[in-house]
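# Close look at the chain arrangement
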Amino acid sequence: MVKLKKDIFKIAGKNLKSRLIVGTGKYKNFLETAKAVHASGADMVTVAVRRVNIFDKKKPILTDYLNPKKITYLPNTAGCFNSKEALRTLRLAREMGGWKLVKLEVLGDKKTLYPNMIETIDSTKILVKEGFKVMVYCTDDPLLAKKLEDCGASAIMPLASPIGSGLGLQNKINISLIIKQSKVPVIVDAGIGTASDATIAMELGCDGVLVNSAIANAKRPILMAKAFKDAVISGRNSYLAGRMIKNYFAIPSSPSKGII
Amino acid sequence: MAKIQLNGKKVVIKTNYSIFDLLKKYKLSKKKVAVEHNGIIISKLELKKKYLKNNDKVEIVHFIGGG
């Protein structure tokens, strides 16, 4: 038997056990969030930076449910529509916990939540200069993805389809082109609708998948989290195994020799 | 007495009040939040040294669930 090389998933020098990264938004409550994260097997979660509700001291906080010492928090700039806001958010995140590994997301349009790639590239350059390790949400344009890598991005995160749309992988060709050219991890982010979408992304050769709405908005989020865990493992194994060649016509599975 | 803007809301505080005192007042652990004072991020080590004055703007943020 051929000994397989250990399949390690590494982002900016950090080893991760799971190739599934999950978002922590949109859940009913923090208990459900924690249960879903646990069921998903993810060891990295995205989090947002927001004002503390200072007048409601009893309000529960995320860190009480998900220990940042046990699970990697990936601060995200979701909701930022320009470079200035995104940089401010990530600098605050770094001050909060010393996080250098962050996810940059600069949105350009409220209706599609499509990334503003000009501001995204500018922000990446500044953050890299400041010592951040930046995972970058981007369009599925191979040229822009390459540009981000050249600017020092730690991971390229092209969208499968618009954030929260659940439309799945809409442009497999572009995602494949990005995978083939990239030396840093490629993680499909946004638009994944169901577990099989994650498998497809992993079979294409993505290094990982980031999912939030598809789990949180499922009728049974914890069960869906488990489905995604299996889907990502399955897709990765399928990619490593290497699929058979497609044929236009049938090829019998049983030998034609010795037919009676 | 001084009037400041804390997370977008008007708050009245005593004089000689530091950002550290402000965090204590709202029972916030400095380990779990980050503070911006008039647009400048204040490191955890400086919180005791930064005193608030009239019309100061303070933002206190933390991590919440997000995608």
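Structure: see above.
In what follows, the accompanying structure is described.

Procedures and definitions
Residues numbered from 1 in each chain as written. Chains lettered and ligands numbered in written order. Predicted model: local features only at pLDDT ≥ 70, side-chain atom pairs only at ≥ 80, totals over all residues. Heavy atoms only, no water. Helix = DSSP H or I, 4+ residues; strand = E, 2+ residues; numbered from the N terminus. Rg over C-alpha atoms; globule rule 2.2 N^0.38 Å. Buried < 20%, exposed > 50% of the residue type's maximum accessible area, 1.4 Å probe, protein only. Contact = heavy atoms within 4.5 Å. Areas by Shrake-Rupley, 256 points an atom, 1.4 Å probe, with all protein chains shown as cover. Lys, Arg positive; Asp, Glu negative; His and termini not counted. Charge placed at Lys NZ, Arg CZ, Asp CG, Glu CD. Core = buried A, V, L, I, M, F, W, Y, C linked by side-chain atoms within 4.5 Å. Axes fitted to C-alpha atoms, helices over the stretch in contact; angles between N-to-C directions. Parallel < 35°, antiparallel > 145°, perpendicular 65-115°, else oblique. Left-handed = near helix turned anticlockwise from the far one by under 90°. Buried area = accessible area lost by both parts, 1.4 Å probe. Salt bridge = Lys/Arg side-chain N within 4 Å of Asp/Glu carboxyl O. Polar contact = N/O pair within 3.5 Å; in protein donor to acceptor, adjacent residues only side chain to side chain.

## A few points about the overall build of chain A
When you go through chain A residue by residue, the secondary structure sums to eight helices and 10 strands. At 20 Å, chain A has a C-alpha radius of gyration in line with the 18 Å of a compact globule built from 260 residues. Expressed along its principal axes, the backbone C-alpha trace of chain A runs to roughly 85 × 40 × 40 Å. In chain A, buried positions account for 49% of the 260 residues. Considering only residue pairs separated by 6 or more positions, chain A has 65% of its internal contacts joining residues 24 or more positions apart. As displayed, chain A offers around 14000 Å² of accessible surface, 56% of which is attributable to carbon and sulfur atoms. Looking at charge distribution, chain A has the averaged site of its 41 positive side-chain charges lying 5 Å from that of its 21 negative ones.

## Details of the nonpolar core
Of all hydrophobic cores here, the largest spans 63 residues; its most connected members are Tyr73(A) and Ile156(A). At six residues, helix H2 (residues 83-97) of chain A tops the list of elements feeding residues into this core. Ignoring any residue separated from it by four or fewer positions in sequence, one finds Tyr73(A) in contact with Val45(A), Val47(A), Leu62(A), Thr63(A), Leu66(A), Pro68(A), Trp99(A), Leu101(A) and Phe63(B). Residues Val52(A), Ala2(B), Ile19(B) and Ile60(B) belong to the second largest nonpolar core, which totals 20 residues.

## Description of the packing of helix H6 (residues 195-204) of chain A against helix H8 (residues 221-241) of chain A
Residue and element names in this part refer to chain A. One way to put it is that H6 packs onto H8 with a least axis distance of 7 Å and a crossing angle of 25 degrees. The orientation of H6 relative to H8 falls into the category roughly parallel. Handedness of the crossing formed by H6 with H8: right-handed. Between H6, through Ala195, Ala198, Thr199, Met202, Glu203 and Leu204, and H8, the contact on the second element is made entirely by Ala227, Phe228, Ala231, Val232, Gly235, Arg236, Ser238 and Tyr239.

## Brief notes about the interface of chain B and chain A
Counting residues at the interface gives 27 residues for chain B, matched by 31 residues for chain A. Per-residue buried area on chain B facing chain A is highest for His62(B), Phe63(B) and Gly67(B); these three make up 29% of the total on that side. For the interface between chain B and chain A, the tally reads three salt bridges. Of the charged contacts, one joins Arg51(A) and Glu59(B) as a salt bridge, the two residues approaching to 2.7 Å between their closest N and O atoms. On the surface where chain B and chain A come into contact, there are 12 residue pairs in polar contact (both at pLDDT 80 or more). When residues of the side of chain B that touches chain A are traced back to their parent elements, those giving at least two are strand S2 (9-13), strand S3 (34-37), strand S4 (40-42) and strand S5 (57-65) of chain B. Looking at the side of chain B that touches chain A element by element, the count peaks at seven residues for S5(B).

## Points about the pattern of salt bridges
Counted according to the given criterion, the structure contains 13 salt bridges over all chains. The partner of Arg88(A) in a salt bridge is Glu36(B), and the shortest N-O contact between them spans 2.5 Å. On the criterion of chain membership, the pair formed by Arg88(A) in helix H2 and Glu36(B) in strand S3 is interchain, its members lying in two chains. You can call Glu36(B) buried: its relative accessible area is 4%. For Asp150(A), the salt bridge is made with Lys146(A), and the minimal N-O distance between the two is 3.0 Å.

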